[in-house]
Number of protein chains: 2
Amino acid sequence: MEQQNMEKYAQLVLQKGVNIQKNQPLVINAPIEGAYFVREMAKQAYALGAKEVHVNWADDTLTYLTYKHANEEVFQTYPKWKVMLQESYAEQGAAFVSIHATDPDLLQDVDPTRIAEANKSAGIALKTYREYIMNDKVCWTVISIPTTGWAKKVFPDVSEEEAIEKLWHEIMKMVRVDKEDPIAAWDAHNDLLKKANDYLNEKQYEKLVLKAEGTNLEVGLPKDHIWAGGVAISEDGTVFNPNMPTEEVFTAPHKYNVNGVVSSTKPLNYGGNVIDDFQLTFKDGMVVDYQAKQGEEVLKHLLESDDGAKRLGELALVPHESPISQSGLIFYNTLFDENASCHIALGKAYPTNVARGPEMDEAALDKNGINDSMVHVDFMIGSAEMNIDGVTADGKVEPIFKDGTWAVTFK
Amino acid sequence: MEQQNMEKYAQLVLQKGVNIQKNQPLVINAPIEGAYFVREMAKQAYALGAKEVHVNWADDTLTYLTYKHANEEVFQTYPKWKVMLQESYAEQGAAFVSIHATDPDLLQDVDPTRIAEANKSAGIALKTYREYIMNDKVCWTVISIPTTGWAKKVFPDVSEEEAIEKLWHEIMKMVRVDKEDPIAAWDAHNDLLKKANDYLNEKQYEKLVLKAEGTNLEVGLPKDHIWAGGVAISEDGTVFNPNMPTEEVFTAPHKYNVNGVVSSTKPLNYGGNVIDDFQLTFKDGMVVDYQAKQGEEVLKHLLESDDGAKRLGELALVPHESPISQSGLIFYNTLFDENASCHIALGKAYPTNVARGPEMDEAALDKNGINDSMVHVDFMIGSAEMNIDGVTADGKVEPIFKDGTWAVTFK
């Protein structure tokens, strides 16, 4: 990783990712292995006038040791100070950068009950903080940098050093840091995604029908649903990019109106465990049957996190010829894999995906078909064979995706 | 650093340092550069039955950037979540391992007002937590491992890699990990320190008179003062070693009864700044005059932290032929330098240094001459020329130290 590219990437994350403002605190969630990049971000953030840079460090090895050996009580309660930490920065209007770079196989020999309990405790404790993020009350972005465990999973046949170098190379391409002016490249890309959103928002399809091998799913959409993707706008009007890379446009499925069968097309790395080759059957919005060739026990725990975990919180369209898809790699990291493929998410929907959603209370969101849960887990269902039709209020059927990509041309 | 020595060191810290118990939480304050050693400690702590291992990570570069560039407000308030973090682990009876390994020159170009403000905010906010530590309500230990910045300060003429290797080698010697059975070696060492404590405790000197070049200081001692050193015993009766290495026996000076002049004999690394070649004049326990050839401004801020910062909180005796002193190195790290030399500390005294101290309230401690402050900063005054006499209640003068070492033989 050249110093120059690292500087460009840090700048991109700060300016386009969270759009850091003068005197704003910045919170970075980062693996200690990535300290060299975090230091570069901190340096630039202060140069841009950040009030303070706080880093929540994590370490795969310690995470593993804790899941493996700590007393069970540790997973049943979530520390109050951690809640206070996140909420106090959110209250101050901090920007949040999360670096996702966990070894996909990290927790594979850990008892899934412990993971489920930890996720549940965190989910309940972080409700308020999650609302800051999912309602875009603050600016936030999810990015990645290579770590040894993850890089070796993507490139198992080369040395650790080479794997990290290769993964940096891929990431730099996908976040357009290989372009001379990455910020201009992101502006152009955000414009394209906006055109797709505008088209679908005007159409206001009543439902979408997704068909591919192993998939035949009708996804109802809420009244006044909103397609989003690319940039988001925070409560105070700051434009930011919640994911880097991002190739998707997405909306909220109607929580009570999803029917049929859907099959995964890529492995899902869920909190340090891989779930692969799985199939879900929906009735009236709820998962009524499921199986997985790998990680079925983990999938079971995920679905049983709470009532909302069995319903959908996102439907995202990604053309199969996206740059990430074209790399031909499996990243075992949702941030990348979700942007290589159409996907849906189990769990909480973004209230921003329906008109006036951020102002609605829980009852109003439910009435409008917007799902709530403590989890939000994307998984990939797209392929080169995926066809998607939109069905309008008056029953007209219009192709949206044909053979894995847009069947419409945007102006 | 050989894997085998690292394992022995981690074991020593856990068993002799904090004496970790089954189902006890362990908190480690550590630089991210030392992750490899922290992981080893965590692995062993879990093997010994620890309930949970929590790490508070720090990074010199980020600390520097924050002091240099963050908004001033950041130093004027100490985050509530950080207080809650430390107090909640202390309430649970956690063991605390702190790894001191800051680059001594880290903050040398930072405005000392910012450092003083940060220390003051932390000092006020962490009052309750500090009482847990200074009254031995919990088991705690301070240790070191090499970091690049620090190692290069001690060994400026070799490569970073070699400096770290050399510093590891010195640390291993000083903490007796080079012995075949370090734990047995510590037991023997603790016994020796106990003999010195027993001798001085029986004597109950009214005051000590310290004389060397630039030093002529009378240090009154409180009634029923207690000399300690080597092991400490926590509230629940667990025997632990608060410092590794440790070569000192120490007690509390009487806060209102210190008179004369004292000169430093080694540089003091105070929170990322070096204070060197300094002299303090005391009258009735209080510093009434001071000068420093280096870092006088930092010394000024230290003395002005609060009322108690101008009075003494510790007097420690260390023979000049201690293994640390014999290394001939200056470590710019109090944990080592204080164990190479007789020293005194400005600021809070340990209530454990007077009979029934831990049960006394603030007024009672004051009445007994036990100083209170938010700071506790050791600095070195010992040398091969240091002579110390004890003066008994009936005016008898007895030599304690002659030419920098014990003038008495213990049985």
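Scroll up to find the structure this text is about.
Residues numbered from 1 in each chain as written. Chains lettered and ligands numbered in written order. Predicted model: local features only at pLDDT ≥ 70, side-chain atom pairs only at ≥ 80, totals over all residues. Heavy atoms only, no water.

J.: Quick one: what's the story with the packing of helix 1 (residues 3–17) of chain B against helix 10 (residues 182–203) of chain B, residue by residue and with numbers?
T.: All names here are of chain B. Following both chains from N to C, one finds helix 1 and helix 10 inclined at 45°, their axes separated by 10 Å at the closest point. Regarding the angle of helix 1 to helix 10, the classification is oblique. The chirality of how helix 1 crosses helix 10 is right-handed. For the pair helix 1 and helix 10, the contacting residues are Lys8, Leu12, Gln15 and Lys16 in the first and Pro182, Ile183, Trp186 and Asp187 in the second. Of the residues in the contact of helix 1 with helix 10, the class split is 4 nonpolar, 1 polar and 3 charged. (Axes fitted to C-alpha atoms, helices over the stretch in contact; angles between N-to-C directions. Helix = DSSP H or I, 4+ residues; strand = E, 2+ residues; numbered from the N terminus. Parallel < 35°, antiparallel > 145°, perpendicular 65-115°, else oblique. Left-handed = near helix turned anticlockwise from the far one by under 90°. Contact = heavy atoms within 4.5 Å. Nonpolar A, V, L, I, M, F, W, Y, C, P; charged D, E, K, R; others polar.)

J.: Before we move on, can you summarise the sheet that holds strand 9 (residues 249–251) of chain A with the specific residues and values?
T.: Residues and elements named next belong to chain A. One open sheet holds the 4 strands; their spatial order is 9-14-15-16, and the pairing between them is antiparallel. Every interior strand has two partners, whereas the edge strands, strand 9 and strand 16 (376–380), have only one. Strand-to-strand twist across the sheet, computed as the mean angle between neighbouring axes with direction ignored, equals 20°. Two strands pair when backbone bridges link them, and strand 15 (residues 343–347) and strand 16 are joined in this way by 5 bridges, in the antiparallel orientation. (Pairing = 2+ DSSP bridges.)

J.: Describe the sheet that holds strand 1 (residues 25–31) of chain B, listing the residues and the values that go with them.
T.: Residues and elements named next belong to chain B. Within the open sheet, the 4 strands sit side by side as 2-1-3-4. Their pairing is parallel. With one partner strand each, in any of the chains shown, strand 2 (52–58) and strand 4 (140–143) form the two edges of the open sheet. Taking each pair of neighbouring strands and ignoring which way they run, the sheet shows an average axis angle of 15°. As judged from the 7 bridges shared by strand 1 and strand 2, these two strands associate in the parallel manner. In the sheet register, Pro25 faces strand 2, and the bridge partner there is Glu52.

J.: Break down the side chain of Glu247 of chain A for me, citing the residues and quoting the values.
T.: Looking at the secondary structure, you find Glu247 of chain A in the loop between strand 8 (239–240) and strand 9. A polar atom in the side chain of Glu247 of chain A sits 3.3 Å from the side chain of Arg176 of chain A. (Polar contact = N/O pair within 3.5 Å; in protein donor to acceptor, adjacent residues only side chain to side chain.)

J.: Can you lay out the packing of helix 6 (residues 112–125) of chain A against helix 11 (residues 296–303) of chain A for me, pointing to particular residues and giving the numbers?
T.: Residue and element names in this part refer to chain A. Contact pair helix 6 / helix 11: the axes reach a minimum separation of 10 Å and the direction vectors enclose 25°. Taken together, the axis directions place helix 6 and helix 11 in an arrangement best described as roughly parallel. As helix 6 runs across helix 11, the sense of the crossing is right-handed. Where helix 6 approaches helix 11, its residues Pro112, Thr113 and Ala116 are matched on the opposing element by Glu297, Val298 and His301. By residue class, the composition of the contact of helix 6 with helix 11 is 3 nonpolar, 2 polar and 1 charged.

J.: Which residues make up the environment of Phe282 of chain B, and what values go with them?
T.: Residue and element names in this part refer to chain B. Counting through the fold element by element, Phe282 comes out in strand 12 (residues 273–283). The exposure class of Phe282 is buried, given its relative accessible area of 3%. Here the alpha-carbon distance between Phe282 and Ala90, two residues 192 residues apart in the chain, equals 36 Å. Beyond its immediate sequence surroundings of up to four residues, Phe282 is in contact with Leu217, Val258, Asn259, Gly260, Val262, Val287, Val288, Lys310, Leu312 and Leu346. (Buried < 20%, exposed > 50% of the residue type's maximum accessible area, 1.4 Å probe, protein only.)

J.: Tell me about the pattern of salt bridges, residues and numbers included.
T.: A complete count under the given rule lists 42 salt bridges over all chains for this structure. A salt bridge links Glu304 of chain A to Lys300 of chain A; the shortest N-O distance between them is 3.7 Å. For Lys300 of chain A, a relative accessible area of 31% translates into the label partly exposed. Between Lys223 of chain B and Asp224 of chain B there is a salt bridge, and its shortest N-O distance comes to 3.7 Å. One continuous salt-bridge network, built from bridges that share partners, spans Lys127, Glu131 and Glu362 of chain A. (Salt bridge = Lys/Arg side-chain N within 4 Å of Asp/Glu carboxyl O.)

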